[in-house]
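Examining the three-dimensional arrangement
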Amino acid sequence: MDVFHVTDQQGKKITNKTIEYIEKALGPESNILGTKGHFWPGKSVGMHSIGDHTAIELIGTDRPGLLSEIFAVLANLHCNIIAAEVWTHNMRVACVLYVNDETTFQAVDDPSRLSKMEEKLRNVLRGRGDDVRGARTSFSIGTTHVDRRLHQLMLADKDYEIGGSLTEGNEVISFRPVITIDHCEEKGYSVVNIKCKDRPKLLFDIVCTLTDMQFVVFHASVSSDGPYGVQELYIRHKDGFTLDSKEEKEMVIKCLEAAILRRVSEGFSLELCGRDRVGLLSDVTRVLREYGLTVTRADVTTIGEQAMNVFYVRDASGNPVDMKTIEALRREIGHTVMLNVKRVPSSANAPQPSRWTGSGFSFSFGGLLGRFWS
């Protein structure tokens, strides 16, 4: 039996509605861990249709302007992006996008159109053509949780092996995860100890990665030490064996470190809310590119006719974003959509106050920015 003492992100007691959602998500009909999905390596672009949208998975080498080019290709092919999740780590990028036809609002299922879409997206991912790892990606069929799918894509792509530096541009990540693996001889477990900067979904990221590496978590202790999360997990391979070799322990440590850092973003977050239309994401990311900003993470959601998008951005050269650039973005983007700019802290301090620009009302994204496929 597992016992969790939980609060919301502000440390407050969770509501009954949230409890009901958790019960549904973890119940017998849940597919939160994607057990109905399949996993095939070896494709650079994967597509499949579910309901009234087509799911596209991409992975390749990250570079400034890549996301803008991807969105532009889909807009030119008359596809509307209704949801997307984008992660970058160690100069690799993984995307899961849900699109439909701009006219029919149905999934794109014409084979010739899909073939053309795949070809153009492959060309974008190839970039200058010197990316020897550009074809290392995969796609799945099913309803795997989007966040877990992104972990699977990057794990299969071996993003943990690339670079190995804990820097993004010229900035050093504020706190490097401390991970050790010991052997509990009397119980026959391997014990994984982790201390890192605490954040939402930290336990999810760690457990999903261990599960995808074919480990079972038998016992765990999770706590907070000020701004840090502390976890102790007792694990074994699915076949019952523990981690004995130095090489295997080092591999697990590298994979867990990558899983923790994939979701870390420092710089600014841009939260945009406005009426959805074909080409909106292409236009917004083009503006970001023109201002010399690169997107490190993105969360795109459409609810009804409203598009609610969050972009985590940094200066393409790795330098801190100039406030003049932020104000220029407010002036250019803020007259068409509501724009909220927040500084993502490099420490666990609370984010600085921010303000909305643009016409209309203000509101908190809160639960509206939940995952599209959860």
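The chain goes by ACT domain-containing protein ACR in an unreviewed UniProt entry, where it is assigned to Elaeis guineensis var. tenera. Looking at the chain in UniProt, the text filed under Function (unreviewed entry) is "Binds amino acids."

1. Some thoughts on the overall build of the chain
Scanning the chain from terminus to terminus reveals 8 helices and 17 strands. Put simply, the chain has 374 residues, and 48% of those count as buried. Long-range contacts, defined here as pairs at least 24 residues apart, represent 71% of the contacts in the chain between residues at least 6 apart. Carbon and sulfur atoms form 53% of the exposed surface of the chain, whose accessible area is close to 19100 Å².

2. A few points about the pattern of salt bridges
This structure, assessed with the given rule, holds 19 salt bridges. R122 is the partner of E118 in a salt bridge, and the nearest nitrogen-oxygen pair spans 2.8 Å. Pair noted here: E118 and R122 are both in helix α3 (residues 111–126), with a separation of 4 residues, about one helical turn. For R122, a relative accessible area of 23% translates into the label partly exposed. As a salt-bridge pair, R148 and D212 come within 2.5 Å of each other at their nearest N and O atoms. One end of the pair, R148, is in helix α4 (residues 146–156); the other, D212, is in helix α5 (residues 202–212), and 64 residues separate them in sequence. The pair formed by R148 and D212 is uniform in burial state, with each residue classed as buried.

3. Focus: the side chain of R236
Within the element layout of this structure, R236 appears in strand β12 (residues 228–237). Buried within the structure, R236 lacks any salt-bridge partner; D239 is the closest side chain of opposite charge, at an N-O distance of 8.8 Å. Within the structure, R236 has its side chain in polar contact with the backbone oxygen of K187 (distance 3.3 Å). The contact partners of R236, leaving out residues within four places of it in the chain, are K187, G188, Y189, Q214, F215, V216, F218, F241 and T242.

4. Things to note about the pairing of strand β4 (residues 79–89)
A regular strand places its side chains so that they alternate between the two faces of the sheet. Most of β4 is tucked away, with 11 of its 11 residues classed as buried. Bridge analysis of β4 against strand β5 (residues 92–101) gives 10 bridges, and the strand direction is antiparallel. Bridging from a neighbouring strand, A83 pairs with Y98 of β5. The pairing of β4 with strand β14 (residues 293–303) spans 5 bridges and is classified as antiparallel. Bridge pairing links W87 to R297 in β14.

5. With respect to the packing of aromatic side chains
Taken as a whole, this structure holds 2 aromatic pairs when the rule is applied. Ring geometry for Y189 against F218: centres 5.5 Å apart, planes inclined by 40°, an arrangement best described as tilted. Residue Y189 is located in strand β10 (residues 189–197), and its partner F218 is located in strand β11 (residues 215–225); the two are separated by 29 residues in the primary sequence. Given the relative accessible area of 11%, Y189 is considered buried. For the ring pair Y189 and Y234, a centre distance of 6.0 Å and an interplane angle of 80° mean the geometry is edge-to-face.

6. Quick notes on α4
Counting buried positions over the 11 residues of α4 gives 10, a clear majority of the element. Burial in α4 covers these residues: V146, D147, R148, R149, L150, H151, Q152, L153, M154 and L155. In the segment just after α4, K158 is the residue with positive phi, at about 60°.

7. Describing unusual backbone geometry
Despite not being glycine, H78 has its phi angle at roughly 60°, a positive value. Looking at where H78 falls in the secondary structure, it is placed in the loop between α2 (66–76) and β4. In this structure, Q214 is a non-glycine residue whose phi angle is positive, near 70°. Among the structural elements, Q214 can be located in the loop between α5 and β11. The exposure class of Q214 is partly exposed, given its relative accessible area of 42%.

Rules and cut-offs
Residues numbered from 1 in each chain as written. Predicted model: local features only at pLDDT ≥ 70, side-chain atom pairs only at ≥ 80, totals over all residues. Heavy atoms only, no water. UniProt positions renumbered as here; feature names shortened; annotations may be inferred. Helix = DSSP H or I, 4+ residues; strand = E, 2+ residues; numbered from the N terminus. Buried < 20%, exposed > 50% of the residue type's maximum accessible area, 1.4 Å probe, protein only. Contact = heavy atoms within 4.5 Å. Areas by Shrake-Rupley, 256 points an atom, 1.4 Å probe, with all protein chains shown as cover. Salt bridge = Lys/Arg side-chain N within 4 Å of Asp/Glu carboxyl O. Lys, Arg positive; Asp, Glu negative; His and termini not counted. Polar contact = N/O pair within 3.5 Å; in protein donor to acceptor, adjacent residues only side chain to side chain. Pairing = 2+ DSSP bridges. Phe/Tyr/Trp six-rings, centres within 6.5 Å; stacked < 30°, edge-to-face > 60°.

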